[in-house]
Amino acid sequence: MSKVRVTARILYVIYGALTLLQIVLLIIGGMPVFDSMLNSFATAGTGGFSVTDAGIAGYNSAYTDGVITVFMILFGINFNLIYFFIIGKIIPVLKSEELRGYLTIITAATILITVNIASQYPSYLKAFRYAVFQVASIITTTGFVTADYDLWPMFSQVILLSLMFIGACAGSTGGGIKVSRIMMLSKHALQELKRILHSRTVTTLNFEGEAVAPKTINNIHSYLVLYLLVFASSLLIISLENVDFQTTFSAVATCINNVGPGFNGVGPTHNFGFLSNLSKWTLSFAMLAGRLEIFPILILFSKSFWRS
């Protein structure tokens, strides 16, 4: 929209309407009104905190799991696309590369994990219920849990860990690196590979039907380098705790990507309480850096920023 105020109003309406719809659907499913409100707020903001000690698992309801799964995925979609859908512009939604990539990743991860964990559950349907919930929760960086995935095979755990880094779509409430960045970097890598094989080939990087400017790719590369520097620095500091690598690595991964639970010592049935104050300060910084997408938080350490 031409005016920021109009754009903000549209975003607020979409956010509020989806939240209200989720509240109503959860109440219909038998969840108390207070719980429905807070769990919907946590879903909309991809915050992940629930009002029971057992989280969403405490309700032990396939209906509740299904509703929250759908809305976690919805809030992980670019709000521009949701707006287009509401006003009837379906073609841009269907043509969105990021949306197709986002849904493809969710589908592929869910299928792989369902097959991998099927032996631990009475049926494939139940395995699917827990797999899709955890996949949606982690890729959207919401952080709800309904199963102790620390007990799942390593294959499934690696998939979930990978989803932490991918994150949701740009323009959503989710964290992570973002699907659009991952897709553009992948396209650029393939483009460079073609250039090496065919040195005289002239190619243009296209995304969402438009040519991507070299400046945009440079910005993404810069973001990724700074992201890795913050990640590596945080990992080095947390390693002073002298706990196992899975706990150390996933603690940093889940914080910088704003997910919530990690693996092993900081897994879905544990917490970060045992860490030292230094580690808690470090992970707090990583959470802020990840949520603000690195650049704004690092600018605070620039002398020129404070002079101006």
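Residues numbered from 1 in each chain as written. Predicted model: local features only at pLDDT ≥ 70, side-chain atom pairs only at ≥ 80, totals over all residues. Heavy atoms only, no water.

Draft legend 1. Region of the structure containing the nonpolar core. Tyr102, Ile113, Trp152, Leu160 and Leu163 are the most contacted members of the largest nonpolar core, which has 78 residues in total. In this view, isoleucine 113 contacts Ala131, Val135, Trp152, Ser156, Ile159 and Leu160; residues no more than four positions away in its chain are not counted. (Core = buried A, V, L, I, M, F, W, Y, C linked by side-chain atoms within 4.5 Å. Buried < 20%, exposed > 50% of the residue type's maximum accessible area, 1.4 Å probe, protein only. Contact = heavy atoms within 4.5 Å.)

Draft legend 2. A look at the environment of lysine 280. Tracing the backbone through its elements, the reader meets lysine 280 in helix H12 (residues 277–291). Residue lysine 280 is classed as partly exposed on the basis of its relative accessible area of 34%. Each C-alpha atom, one on lysine 280 and one on valine 202, is 49 Å from the other, the two residues being 78 residues apart in sequence. Beyond its immediate sequence surroundings of up to four residues, lysine 280 is in contact with Phe272, Gly273 and Leu275. (Helix = DSSP H or I, 4+ residues; strand = E, 2+ residues; numbered from the N terminus.)

Draft legend 3. Structural view of a nonpolar patch on the surface. Taken together, Ile27, Val33, Phe34, Met37, Leu38, Phe41 and Val51 make up a surface patch of nonpolar side chains, about 570 Å² in accessible area. No other element matches helix H2 (residues 33–44), which puts 5 residues into the nonpolar patch. In this fold, valine 33 is placed in helix H2. (Patch = residues over 30% accessible without salt bridge, like charges linked within 9 Å, V, L, I, M, F, W, Y side chains within 5 Å. Areas by Shrake-Rupley, 256 points an atom, 1.4 Å probe, with all protein chains shown as cover. Salt bridge = Lys/Arg side-chain N within 4 Å of Asp/Glu carboxyl O.)

Draft legend 4. Quick look at the side chain of threonine 146. Looking at the element boundaries, threonine 146 is found in the loop between helix H7 (124–139) and helix H8 (154–166). When residues no more than four places from it in sequence are discounted, the contact partners of threonine 146 are Ile56, Ala57, Asp65, Tyr130, Phe133 and Gln134.

Draft legend 5. Summary view of helix H1 (residues 4–28). Here H1 is 25 residues long and its end C-alpha atoms lie 36 Å apart, about the 36 Å a rise of 1.5 Å per residue gives. Within the span of H1, buried status applies to Ile10, Ile14, Leu18, Thr19, Gln22, Ile23 and Leu26. On its buried face, H1 sits against H2, helix H3 (62–75) and helix H4 (79–86). Glycine 30 lies just past H1 and shows a positive phi near 100 degrees. (Expected span 1.5 Å × (residues − 1).)

Draft legend 6. Spotlight on the side chain of threonine 248. Along the chain, threonine 248 turns up in helix H11 (residues 245–256). Reaching out from threonine 248, the side chain makes a polar contact with the backbone oxygen of aspartate 244 at a distance of 3.0 Å. Residues within four places of threonine 248 in sequence aside, it is in contact with Leu235, Ile238, Ser239 and Val243. (Polar contact = N/O pair within 3.5 Å; in protein donor to acceptor, adjacent residues only side chain to side chain.)

Draft legend 7. The packing of aromatic side chains, seen in detail. Summed over the entire model, instances satisfying the criterion amount to 14 aromatic pairs. Following the ring pairs from residue to residue traces out a cluster consisting of Phe165, Phe231, Phe245 and Phe249. Above the plane of the ring of tyrosine 223 lies arginine 181, whose end atom (NZ or CZ) is 3.9 Å from the centre. (Phe/Tyr/Trp six-rings, centres within 6.5 Å; stacked < 30°, edge-to-face > 60°. Lys NZ or Arg CZ within 6 Å of the ring centre and 35° of its normal.)

Draft legend 8. How the structure looks around H4. Buried residues of H4: Phe79, Leu81 and Ile82, and no others. Axial view of H4: buried residues confined to an arc of 155 degrees, hence all on one face. Here the buried face of H4 lies against H1, H3, helix H5 (90–95) and helix H6 (97–117). A distance of 2.8 Å separates the backbone nitrogen of asparagine 80 from a side-chain oxygen at the start of H4, and that oxygen is part of asparagine 78. Positive phi appears at glycine 88, one or two residues downstream of H4, with a value of about 90 degrees. (Arc of directions from axis to C-beta.)

Draft legend 9. A look at the packing of H8 against H11. Remark: H8 packs on H11, axes separated minimally by 9 Å, with the N-to-C direction vectors making an angle of 30 degrees. For the pair H8 and H11, contact is made by Met154, Gln157, Leu161, Met164 and Phe165 and by Gln246, Phe249, Ala253 and Thr254, respectively. Of the residues that constitute the contact of H8 with H11, the class distribution is 6 nonpolar, 3 polar and no charged. (Axes fitted to C-alpha atoms, helices over the stretch in contact; angles between N-to-C directions. Nonpolar A, V, L, I, M, F, W, Y, C, P; charged D, E, K, R; others polar.)

Honestly, that's just the spatial picture; any functional story needs more than this.
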